[in-house]
Amino acid sequence: MQHTRKLQNWLSTWINLYTDTGLPRSFAMWTGISVIAGMLQDNVVLKEHNSKLKPNLYVWLLGPPTAGKSESALPGIDLLRLMPFMEIYDGGLTSTFLFQYMESIQQKRAVHNPTLVNPRVYIYSDELAQTLKHGPLAEQLMCDLNVMYNRSTKYGTAAHGLKDIVDPVINWLACCSPSWLKRCVPKDMLDNGFVSRVVTVYEPLKERRRKGVSADPQVWADLTHDLLLISQLKGEFRLTPEAQAARDRWAEKQFQARLLFDELTQHIYGREEEHALKVAMCLTVSSTDDLVITERAFINATMHVLNARASSIDVLRSIAMTPLVEIKAYLLQCIRNMAPVAHSALRNKTWQKIDDNNQFHRLVNSLVAEGQIVLLPSQNGAGAVYDIPRSTNQP
């Protein structure tokens, strides 16, 4: 390249900005990695079999209120806003709006270069609930983001039929508390692979936040200068023979470990190798223009990825663990809404939330014993019928 970098290592300099702030180092590091990924977009790739792996990442910073999530992320967003041609979206989303937004970016890019129309966008969620909301619209949005993580897609319009979203590049940095995460992300998103695509980093509230992130104007100028140079890199990454050998050993070890996990944990840990390669690309360009992933860069990437997942695995597992009192209240409400209701109809209504038959029967028996519902005699062998007591079944 024609220009010389100002910094020895962009990411190290970035993390040093957070020294003595009281903000978690892991949040600082993953914000920096996300910023690099956002600038690389798909200018650089790593060939994997018959596909090309882009360095784009979905990163969620998780923690209780005042843990420093937004305070850690916002300096990165402020820096990205200074970058030319950077599309940053930070509002609420639905699938329909996302598709329309991506199409508008395609059209905008085509004006500058008709051969480069694939949309590139960086999503920032100061509060994940603001972006996702909850319910069916949120689930559809997550399904579509799941698809667009690494491939093209289509969407339908009433006026123009199917439209293509060509090879999109989406980076996403979000902040969320565990309680809101449970509201936003249904258990299905653990099973369908969406959550496995997200790098989740959890930090508890450990120390008082002392000051915000600030930088000497020259340091900020150097970070901006070098980030622009990073954005100009183009080409294909390759792994050194040592890095490839390290990857093979690590991937086999991770696969054998996953065989010992329960099914839910296997889903969550489904893409650690892919994440490690993406992070290794970001670590590499942080200090060099050479698109060569060394053994050290790959090993460091695996450590960052596994530490992130280990920090958040209990939070993610809790998504699938609805408190029993909530499940019981849900079942009672269903019976009240449908009463009198046959056992088969009630089971069809509730199986997605209560997929364990033994738990279902225990909850029904408990509601009967408490007098909150009554069990009516079976008619014509049709099975049990549930109702609510007559005194509470009147208008």
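In what follows, the structure referred to is the one given above.
Asks: Explanation requested: the overall build of the protein chain in the structure shown.
Replies: Scanning the protein chain from N- to C-terminus turns up 16 helices and 14 strands. Expressed along its principal axes, the backbone C-alpha trace of the protein chain runs to roughly 85 × 55 × 45 Å. Relative to its full complement of 395 residues, the protein chain shows a buried share of 49%. Expressed as a percentage of contacts within the protein chain between residues at least 6 apart in sequence, the contacts between residues at least 24 apart total 77%. Summing over all exposed atoms, the protein chain offers an accessible surface of approximately 19,400 Å²; the carbon and sulfur share of this is 52%. In the protein chain, 42 side chains carry a positive charge and 39 a negative one; their mean positions are 2 Å apart.

Asks: Looking at this structure, I do not really get helix α16 (residues 357-369). What am I missing?
Replies: For an α-helix, the turn length of 3.6 residues means that residues three or four places apart are oriented alike. Taking 1.5 Å of rise per residue, the 13 residues of α16 would be expected to cover 18 Å, and the 18 Å separating its terminal C-alpha atoms lies within 8% of that figure. Of all the positions in α16, only Gln 359, Phe 360, Leu 363, Val 364 and Leu 367 are classed as buried. Projection of α16 onto a plane perpendicular to its axis shows the buried side chains occupying an angular sector of 135°, all on one side. In α16, those exposed residues whose orientation departs by more than 90 degrees from the buried face are Asn 358, Arg 362, Asn 365 and Ala 369. Within two residues after α16, Gly 371 carries a phi angle of roughly 80°, on the positive side.

Asks: Just to check I follow, could you spell out the sheet that holds strand β13 (residues 374-376) for this structure?
Replies: Strand pairing within a sheet occurs via backbone hydrogen bonds; the two strands may be parallel or antiparallel. Taken together, three strands build an open sheet; the order of strands is β12-β14-β13 and the sheet is antiparallel. Bordering the open sheet on either side are β12 (341-342) and β13, each of which pairs with just one other strand. Pairing of β13 with strand β14 (residues 385-387), which is carried by three bridges, proceeds in the antiparallel orientation. Bridge pairing in β14 places Val 374 opposite Asp 387.

Asks: Is there a simple way to think about the packing of aromatic side chains in this case?
Replies: The description of two aromatic rings rests on the distance between their centres and on the angle between their planes. One pass over the full model with this rule turns up 13 aromatic pairs. Pairing Trp 10 with Trp 14 gives two aromatic rings, centres 5.4 Å apart and planes at 10°, and the pair type is stacked. Note that Trp 10 and Trp 14 are positioned in helix α1 (residues 10-16) at a spacing of four residues, about one turn of the helix. The buried category is assigned to Trp 10, whose relative accessible area is 0%. Residues Phe 97 and Tyr 101 carry aromatic rings whose centres are separated by 6.3 Å and whose planes lie at 10° to one another, so their mutual orientation is stacked. Of this pair, Phe 97 and Tyr 101 both sit in helix α4 (residues 95-112), four residues apart, which is roughly one turn of that helix. Phe 97 sits in the partly exposed class, given a relative accessible area of 34%. Residue Tyr 101 is classed as buried on the basis of its relative accessible area, which comes to 15%. Members of the aromatic cluster, connected to one another through ring pairs, are Tyr 58, Trp 60, Tyr 149, Trp 172 and Phe 194. A cation over an aromatic ring shows up here: Arg 347 above the ring of Phe 360, its NZ or CZ 4.5 Å from the ring centre.

Asks: Just to check I follow, could you spell out the pattern of salt bridges for this structure?
Replies: Here the idea is simple: oppositely charged side chains can pair when their charged atoms come close. In the structure shown here, the tally under the stated rule is 13 salt bridges. A salt bridge links Glu 273 to Arg 247; its shortest N-O distance comes to 2.7 Å. Of this pair, Glu 273 sits in helix α12 (residues 272-285) while Arg 247 sits in helix α10 (residues 241-258), placing them 26 residues apart in sequence. With a relative accessible area of 9%, Arg 247 lands in the buried category.

Asks: Where do I start with the side chain of Asn 171 in this structure?
Replies: Mapped onto the secondary structure, Asn 171 falls in strand β8 (residues 169-176). Of note is the side chain of Asn 171, whose polar atom sits 3.4 Å from the backbone oxygen of Ala 37.

Asks: For this particular structure, what's the right way to read the packing of α10 against α12?
Replies: Describing two packed helices takes the angle between their axes plus the distance from one axis to the other. Running from amino to carboxyl end, α10 crosses α12 at an angle of 150°, the nearest separation of the two axes being 10 Å. For the element pair α10 / α12, the angle class is roughly antiparallel. Viewed along their axes, α10 and α12 form a crossing whose handedness is right-handed. Residues Arg 247, Trp 250 and Ala 251 of α10 form the contact with α12, whose participating residues are Glu 272, Glu 273, Ala 276 and Leu 277.

Asks: For this particular structure, what's the right way to read the sheet that holds strand β1 (residues 44-48)?
Replies: Spatially, β2-β1-β10-β11 is the arrangement adopted by the four strands of the open sheet, whose pairing is mixed. Edge strands, defined here as strands with exactly one partner in the open sheet, are β2 (51-53) and β11 (292-293). For β1 and β2, the ladder comprises three bridges, and the chain directions are antiparallel. Among the inter-strand pairings, Lys 47 is bridged to a residue of β2, identified as Lys 52.

The rules behind the values
- Residues numbered from 1 in each chain as written.
- Predicted model: local features only at pLDDT ≥ 70, side-chain atom pairs only at ≥ 80, totals over all residues.
- Heavy atoms only, no water.
- Helix = DSSP H or I, 4+ residues; strand = E, 2+ residues; numbered from the N terminus.
- Buried < 20%, exposed > 50% of the residue type's maximum accessible area, 1.4 Å probe, protein only.
- Contact = heavy atoms within 4.5 Å.
- Areas by Shrake-Rupley, 256 points an atom, 1.4 Å probe, with all protein chains shown as cover.
- Lys, Arg positive; Asp, Glu negative; His and termini not counted.
- Charge placed at Lys NZ, Arg CZ, Asp CG, Glu CD.
- Expected span 1.5 Å × (residues − 1).
- Arc of directions from axis to C-beta.
- Pairing = 2+ DSSP bridges.
- Phe/Tyr/Trp six-rings, centres within 6.5 Å; stacked < 30°, edge-to-face > 60°.
- Lys NZ or Arg CZ within 6 Å of the ring centre and 35° of its normal.
- Salt bridge = Lys/Arg side-chain N within 4 Å of Asp/Glu carboxyl O.
- Polar contact = N/O pair within 3.5 Å; in protein donor to acceptor, adjacent residues only side chain to side chain.
- Axes fitted to C-alpha atoms, helices over the stretch in contact; angles between N-to-C directions.
- Parallel < 35°, antiparallel > 145°, perpendicular 65-115°, else oblique.
- Left-handed = near helix turned anticlockwise from the far one by under 90°.

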